[in-house]
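What follows is each chain in one-letter form.
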Amino acid sequence: MAIDREMPLKEQMKFDMRAEEVDIMEGDPQLDADGGATINFGPEVQMSEGHTENLADFLSDGDLDVISRDLVEAYEGDKDSREEWSSTYAEGLDLLGMKYEERSNPFPGASGVSHPLLAESVTQFQAQSYKELFPAGGPVKTQVMGMTNPQVEAQSGRVKEFMNYQLTHVMEEYEPELDQMLFHLPLSGSAFRKIYFDNTLGRPVSKFVSSEDLVVPYEATDLMTCARITHVVKMMSNELRKFQVSGFYRDIDLEDPKDDDPSKVKEKIDEIDGKKKAYTKDNVHTLLEMHVDLDLPGYEDANEAGEETGISLPYIVTIEDNSGEILSIRRNWNEQDPLKIKKQYFVHYKFLPGLGFYGFGLIHMLGGLTKTATSILRQLIDAGTLVNLPAGFKARGLRIRDDDQPLVPGEFRDVDAPAGDIRNSLVPLPYKEPSGTLFNLLGFVIESGKSFAAVADMKLGEGNEVNPVGTTMALLERGMKVMSAIHKRMHMAQGKEFKLLAQLFAETLPNVYPYQVVGGNQAVKAQDFDERIDVIPVSDPNIFSVTQRVTLAQQQLQLAQAAPEMHSLPEAYRRMYEAMGVQNIEALMPPPPQPQPKDPATENSDLLAGMPAQAFQGQNHDAHIASHFSLMTSTVVKSNPMAMANIQAHVMQHISLKAQEEIQAEVQQQMMQMPPEQQQMMQQQMMMEMQNRVAEREAALIDNFVTELEDALKDSTQDPLVELKKEELELREQDMERKAQEAQLKLELEERKADDRKETDEDRIDQQKDALAIRSAIAAEKLEKDSKNKMMDKAEKITANLEKTAANILNPNGRQQ
């Protein structure tokens, strides 16, 4: 994809050669004092060399040998500087317990089991991270940098859909490579991704590079400032030959590679996998791809005056390790970059920051605890074995038939006991049961390791107990602090990886690239990958588990339901479904209907009714503006300030779109007249210029519209404000007359009500007087009757008393005493 350009050779080139070899060169050589010679080729000598050409084809064999020798020596030194790191990593792989150990110490058949603390932690991390970093819908999302508009939003959607389509369908190696990387990362603490354009596949790729295959100097702190990065690549002879024939590597004869000694890490991995190399004719070459700064002879950096600066420039040098032959040397900076800044191909994923360049993994952090747990577990099992199968001493004269065979349950075997008592002839060793203290210590060690690795079970509720959402969030955050920090580091690294991929797409895609998706044919533009759109991972650096995501979405939904007037309930439900991983949410929650373009008459009707109107691209903006202009000069709208404001706001939409379409057509016409290579260079500048020109065009159109509207309103026979005031006064006068009539009617009604009340009161008084006279007569009659009754009762009582007295005077015989 680079642009070839003619680069003239220096007018004078110096070669270190013997004097007798000078005569084979053309020109007039001049011998130097140091035994060298200067040959003048003349200004007419040129060679065709593009920016991406293999410079090894233009350097002498002597220069290539010096460069190869220096770089290989530096690589060996870099590899030796991390020897202790490799040994620690290799020894730590044994702690995975993938292979059962046959032990004969302290006794044959001793337990060789390993505690799965490290293996469980690695598996849990890999499973959780894999789901977060590569969801089913794709791992990429986009955000707009700066101001947004419908065009930028559409561009952002195209970039997001295209990159997710590439990562999930086209780049078939991405997902399995990510899966493998997430298993290596917690073990070694560091893993790398290499992003580059593969000429064989014709597309960008992202490969996993293990930490043992990427070597950096002792002084390195990060990839950006690293002076030398060596990627150790294994390549089959046939594959290497394809690169040579295609011209990517120098077409030179290479010897069959020798069987090199694998590294300690490679040996341990092969041992765990249970494999070993048996076929030796695969001819696998080891290539050292070195990203390094060099001051190449004949390609020295020079300032504007043409003077050499002595600054080393970034190159990619590929060396065949067995022969030391340089296969390629290529520039490692963008051709248009005047600063010649090194291009980045690698992204460093770290599990824990560590103390140097390489990160720390679970081998470094949990290795001691895993060894301790394994040791305690073996002691407990061995103690149980010794108790269940005890050993001891037997008297020399004791004879047991078939004593070399163990007893089986229910078996009785013949014994010849000279002393007569078998117990006196057998003395078992005093083995103890497995220690309870040792068992408790094992539980403490396991719990400590799980707590650090964040793989302990989180009991958020016992039985029917349900914790509040806030309590659940607090428990999740407290239990996953370590995982949260690791997830943020991976999120940042994946963001760098996506940016490198986006840069490759911007450099390698054609102007329009069609691709097939479920919804139909889509297309993405190379200019979509500009600085306005930022490509970021879809994972949230603050959310590291499905449980936390669902809990957070549930809390958002509860808040939205509590105050629906302040929230968007459909959006809250959509986020809840997304957190739960529900597919095809649109089928459950169809989106609201989108506004469609309307004709000017329909828009005028909506505006008069107080409904909003929307302008769209591609409409006849002049016709719409003219129709709305006529409506604004009508008597109905002139007397309605609210309708006037709505129509003017809608006209401004048409003016904005008209200015954008006119300027965009002019810019595209200018771009089409430029050569393709200049279009990419001028793209950003033309975008800025287009925005300025659109603003100027909008200002001119708005000024013309306002002037015409004011003139039209002045030409009217009557000022709309005067008509409005007159109608207002008439309405007030009518209102006052209506109120006076209502007051008069109310007064007459009150008078009639007062007369009616007076007559009613007089009738009620007469009725009360008659009722009082009747009650008085009845009371007098009742009083007289009661008095008579009382007198009669009193007379009767006196008579009765007299009779009783007379009876008492008489005796029982009737005689007087």
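Residues numbered from 1 in each chain as written. Predicted model: local features only at pLDDT ≥ 70, side-chain atom pairs only at ≥ 80, totals over all residues. Heavy atoms only, no water.

*Asks:* Sorry if this is basic, but what is going on with the overall build of the protein here?
*Replies:* The helix and strand inventory of the protein stands at 20 helices and 21 strands. Taken across its 817 residues, the protein has 33% of its residues classed as buried. Summarising the internal contacts of the protein: among those between residues at least 6 apart in sequence, 70% fall at separations of at least 24. Taken as a whole, the protein presents about 51,200 Å² of accessible surface, with 53% of it coming from carbon and sulfur. (Helix = DSSP H or I, 4+ residues; strand = E, 2+ residues; numbered from the N terminus. Buried < 20%, exposed > 50% of the residue type's maximum accessible area, 1.4 Å probe, protein only. Contact = heavy atoms within 4.5 Å. Areas by Shrake-Rupley, 256 points an atom, 1.4 Å probe, with all protein chains shown as cover.)

*Asks:* What is the right way to read a negative patch on the surface from this model?
*Replies:* Residues E748, E751, D755, D756, E759, E762, D763, D766 and D770 make up a contiguous surface patch of negative charge. One can find E751 in helix α20 (residues 720-809). (Patch = residues over 30% accessible without salt bridge, like charges linked within 9 Å, V, L, I, M, F, W, Y side chains within 5 Å. Salt bridge = Lys/Arg side-chain N within 4 Å of Asp/Glu carboxyl O. Lys, Arg positive; Asp, Glu negative; His and termini not counted. Charge placed at Lys NZ, Arg CZ, Asp CG, Glu CD.)

*Asks:* Explain the nonpolar core here, please?
*Replies:* Within soluble globular proteins, side chains that are nonpolar generally end up buried alongside one another. If you look at the biggest cluster of nonpolar residues, it comprises 66 residues, and the most contacted ones within it are M163, L214, M490, L501 and F529. Looking at this core, the element that brings in the most residues is helix α11 (residues 481-508), giving 11 residues. With residues near it in sequence (within four places) discarded, M163 still touches V140, F498, L501, A502, F505, F529 and V535. (Core = buried A, V, L, I, M, F, W, Y, C linked by side-chain atoms within 4.5 Å.)

*Asks:* What's the story with the packing of aromatic side chains in this structure? I'm lost.
*Replies:* For the structure shown, the criterion picks out 14 aromatic pairs. Ring geometry for W85 and Y358: centres 4.8 Å apart, planes at 20°, overall stacked. Linking W85 in helix α2 (residues 83-92) with Y358 in the loop between β14 (346-350) and α8 (362-388), this pair joins segments that are 273 residues apart in sequence. The pair W85 / Y358 is uniform in exposure class, with both members buried. Geometrically, the ring pair formed by F162 and F529 is edge-to-face, given 6.0 Å between the ring centres and 70° between the ring planes. Pair noted here: F162 is in helix α4 (residues 150-170) and F529 is in the loop between β20 (520-525) and β21 (533-537), with a separation of 367 residues, a long-range link. With relative accessibility at 0%, the residue F162 sits in the buried group. For F529, a relative accessible area of 12% puts it in the buried group. Ring pairs connect the aromatic residues W85, Y89, F192, F357 and Y358, which therefore count as one cluster. Above the plane of the ring of Y196 lies K194, whose end atom (NZ or CZ) is 5.1 Å from the centre. (Phe/Tyr/Trp six-rings, centres within 6.5 Å; stacked < 30°, edge-to-face > 60°. Lys NZ or Arg CZ within 6 Å of the ring centre and 35° of its normal.)

*Asks:* Looking at this structure, how should I read unusual backbone geometry?
*Replies:* Across residues other than glycine, the phi torsion is negative in most instances, and most of the peptide bonds are trans. Phi is positive for K340, which is not a glycine, with a value near 55°. Along the chain, K340 turns up in the loop between β13 (326-331) and β14. Its relative accessible area of 26% is what places K340 among the partly exposed residues.

*Asks:* It is not clear to me how the packing of helix α3 (residues 117-133) against helix α5 (residues 174-188) should be interpreted in this structure. Could you clarify?
*Replies:* With their axes 9 Å apart at the nearest point, α3 and α5 run at an angle of 140° to one another. Overall, the two elements α3 and α5 adopt an arrangement that is oblique. As for how α3 packs across α5, the hand of that crossing is right-handed. In contact with V122, F125, Q126, S129, Y130 and L133 of α3, α5 contributes E175, L178, D179, L182, F183, L185, P186 and L187. Along the lines of polarity and charge, the residues of the contact of α3 with α5 split into 10 nonpolar, two polar and two charged. (Axes fitted to C-alpha atoms, helices over the stretch in contact; angles between N-to-C directions. Parallel < 35°, antiparallel > 145°, perpendicular 65-115°, else oblique. Left-handed = near helix turned anticlockwise from the far one by under 90°. Nonpolar A, V, L, I, M, F, W, Y, C, P; charged D, E, K, R; others polar.)

*Asks:* When you look at helix α16 (residues 621-632) in this model, what are you seeing that I'm missing?
*Replies:* One turn of the α-helix equals 3.6 residues, which is why residues spaced by three or four share an orientation. Taking 1.5 Å per residue as the helical rise, α16 with its 12 residues ought to reach 16 Å, and the 16 Å between its terminal C-alpha atoms agrees with that figure. Of all the residues in α16, the buried ones are H621, H624, I625, H628, F629, L631 and M632. What you see down the axis of α16 is that its buried residues fit within an arc of 160°, all on one side. (Expected span 1.5 Å × (residues − 1). Arc of directions from axis to C-beta.)

*Asks:* How should I be thinking about the pairing of strand β11 (residues 284-294) in this particular structure?
*Replies:* Along any regular strand, the residues point their side chains to alternate faces of the sheet. Summarising burial for β11: nine of the 11 residues are buried, a large majority. In terms of strand pairing, strand β10 (residues 228-236) meets β11 through nine bridges, oriented antiparallel. Note that in β11 the partner of R228 across the bridge is V292. (Pairing = 2+ DSSP bridges.)

*Asks:* Would you mind going over the sheet that holds β10 with me for this structure?
*Replies:* Two pairing modes exist for strands in a sheet, parallel and antiparallel, and in both the strands are linked by backbone hydrogen bonds. Spatial ordering of the open sheet is given by β9-β10-β11-β12-β13, a layout of five strands whose pairing is antiparallel. Of all the strands in the sheet, the pair left with one neighbour each is β9 (214-215) and β13. Here helix α1 (residues 61-81) sits on the sheet in contact with β9, β10, β11, β12 (313-320) and β13, set at roughly 100° to β11. Contacts between helix α6 (residues 237-246) and the sheet are confined to β10, β11 and β13, with β10 contributing the most and set at about 110° to the helix.

*Asks:* I tried to follow helix α13 (residues 569-580) on my own but got confused; where do I start?
*Replies:* With 12 residues, α13 extends 17 Å between its outermost C-alpha atoms, agreeing within 8% with the 16 Å of an ideal straight helix rising 1.5 Å per residue. Taken as a whole, α13 has its buried residues at A572, M576 and A579. One face of α13 carries all of its buried residues, which in axial projection span an arc of 65°. With its phi angle positive at about 80°, G581 sits one or two positions after the end of α13.

*Asks:* Got a minute to help me understand the pattern of salt bridges in this structure?
*Replies:* Note on pairing: side chains with opposite charge can pair once their charged atoms come close. For the structure shown, the criterion picks out 18 salt bridges. K79 serves as the salt-bridge partner of E76, at 3.7 Å between the closest nitrogen and oxygen. Of this pair, E76 and K79 are both found in helix α1, three residues apart, which corresponds to roughly one turn of the helix. Looking at K79, the relative accessible area reads 29%, which means it is partly exposed. For D735, the salt bridge goes to K739, with nearest N and O atoms at 3.3 Å. Taken as a pair, D735 and K739 lie in helix α20 at a separation of four residues, close to a single helical turn. Exposure remark for D735: the relative accessible area of 27% places this residue in the partly exposed category. Overall, K739 belongs to the partly exposed group, its relative accessible area being 48%. When salt bridges with common partners are traced through the structure, they connect D735, R738, K739 and E742 into a single cluster.

*Asks:* What is the right way to look at the sheet that holds β14 in this model?
*Replies:* Reading across the sheet, the three strands line up as β8-β7-β14 and stay open at both edges, with antiparallel pairing between neighbours. Pairing within the sheet leaves two strands with one partner each, and these edge strands are β8 (203-210) and β14. Neighbouring strand axes in the sheet, compared pairwise and without regard to direction, differ in orientation by 20° on average. Docked against the sheet, α5 engages β7 (190-198), β8 and β14, running at close to 155° with respect to β7.

*Asks:* Please clarify how the side chain of H491 should be interpreted in this entry.
*Replies:* By the secondary structure assignment, H491 is in helix α11. H491 has contacts with P537, S539, D540 and P541, leaving out every residue within four places of it along the chain.

*Asks:* How should the confidence of the model for the protein be read in this particular structure?
*Replies:* A low pLDDT means the predicted coordinates there should not be read in detail. Mean pLDDT for the protein: 79, with 82% of residues reaching 70 or above. Across residues 1-27 the pLDDT falls below 50, and counting only partners more than four positions away or on other chains, this stretch makes 48 contacts in the model. Here residues 41-48 is a poorly scored stretch, pLDDT under 50, and it has 16 contacts once near neighbours within four places are set aside; other chains count. (pLDDT = per-residue confidence, 0-100.)

*Asks:* Sorry, what's going on with the environment of S375 here?
*Replies:* Here S375 shows up in helix α8. Between the C-alpha atoms of S375 and S111, which are 264 residues apart in sequence, the distance is 9.9 Å.

*Asks:* I'm lost on the environment of K371 in this one. Help?
*Replies:* Mapped onto the elements of the fold, K371 is located in helix α8. The exposure class assigned to K371 is exposed, which follows from its relative accessible area of 53%. Residues K371 and L118 lie 253 residues apart in sequence; the distance between their C-alpha atoms is 9.7 Å.

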